[in-house]
Amino acid sequence: MLDGKTIAFLVAPEGVEQVELTEPWKAVKQAGGTPRLVSTAPGQIRAFDHLDRADTFAVDATVDDVDVASFDGLVLPGGVANPDILRTAPQAVRFARAFFDTGKPVAAICHAPWTLIEADVVRGRTLTSWPSLQTDLRNAGATWVDREVVVCDEGPNTLVTSRKPDDLKAFCQAATDAFGGG
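My aim in this report is to walk through the structure given alongside it, one point at a time. All chains use their own residue numbering, which begins from 1 and follows the written sequence. Side-chain atom pairs in this predicted model are given and counted only at pLDDT of 80 or more, local residue features only at pLDDT of at least 70, and totals for whole chains, interfaces and linings cover all residues. Excluded from the side-chain calculations are hydrogens and water; all other atoms, namely the structure's heavy atoms, are used.

Looking now at the nonpolar core. Within the largest apolar cluster, 36 residues are counted, with the highest numbers of intra-cluster contacts made by Leu10, Val38, Leu74, Leu76, Phe95, Phe99 and Leu116. Helix and strand assignments follow DSSP, with helices taken as H or I runs no shorter than four residues and strands as E runs no shorter than two, numbered in order from the N terminus. Mapped by element, the contributors of at least two residues to this core are β1 (6-11), β7 (73-76), α3 (90-101), β8 (106-109) and α4 (113-118). Per element, the largest residue contribution to this core is seven residues, and it comes from α3. Note on definitions: a residue-residue contact is assigned when non-hydrogen atoms from the two residues lie within 4.5 Å. Setting aside chain neighbours within four positions, we find leucine 10 in contact with Val38, Val63, Leu74, Val75, Leu76, Pro77, Leu86, Ala92 and Phe95. Counting 26 residues, the second-largest nonpolar core is a separate cluster that includes Ala54, Cys110, Phe171 and Ala175. Only buried Ala, Val, Leu, Ile, Met, Phe, Trp, Tyr and Cys residues count toward a nonpolar core, and they belong to the same one when joined by side-chain atoms within 4.5 Å. Using a 1.4 Å probe on the protein chains alone, a residue whose accessible area is under 20% of its type maximum counts as buried, one over 50% counts as exposed, and one in between counts as partly exposed.

Here it is as structure tokens:
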């Protein structure tokens, strides 16, 4: 389904919720795609299991060294610190926005929509997130709903969002469907 497709996973050097990185990563691989870990700094990123330090993962490329043209879709995993760090990195915000500008699918879970708010791409879109982001999303012009997964095609691209790790099965399926063009 994703043969020949490369999917960027954009994360900060630390603070990503590990399961929100590893489960979509596995789903992309199982669907035949190639996941690539993109961060704001080279080397390794540190994942977290909620507030506890978890594993490290090797960065494939920095956001400064890649072009959206090299990718067929974008996954934005959550964690509280991860998107909070990303939204303060202009190059990361530009990279995320470029997927919307070029009409490529994006999948964001948990707190990840913070990066999308900063990129000013949620206005007029329907999405879900960790509940504490609902006011931020509404203030940015989005319609927030409390659902396991939301697939929004009311814009320049397909946007897939979910609330939390418990939603990962539905999130991974909707994301791989979007990346596959279905």
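As a further point, take helix α6 (residues 168-179). The span one expects for a helix is its residue count, reduced by one, times 1.5 Å. Between its first and last C-alpha, α6 extends 16 Å over twelve residues, near the 16 Å set by a 1.5 Å rise per residue. Looking at the buried residues of α6, the elements they touch are β1, α1 (18-30), β7, β8, β11 (149-152) and β12 (159-162). A positive backbone phi angle near 85° is found at glycine 181, which sits one or two residues after α6.

This part is about the state of the cysteines. The disulfide criterion is simple: two cysteine sulfur atoms within 2.5 Å. Inspection of every chain in the model, using the stated rule, returns zero disulfides. Considering cysteine sulfurs only, cysteine 172 is the nearest to cysteine 110, which forms no disulfide, with 13 Å between them. Taking relative accessible area as the criterion, cysteine 110 reaches 6% and is therefore assigned buried.

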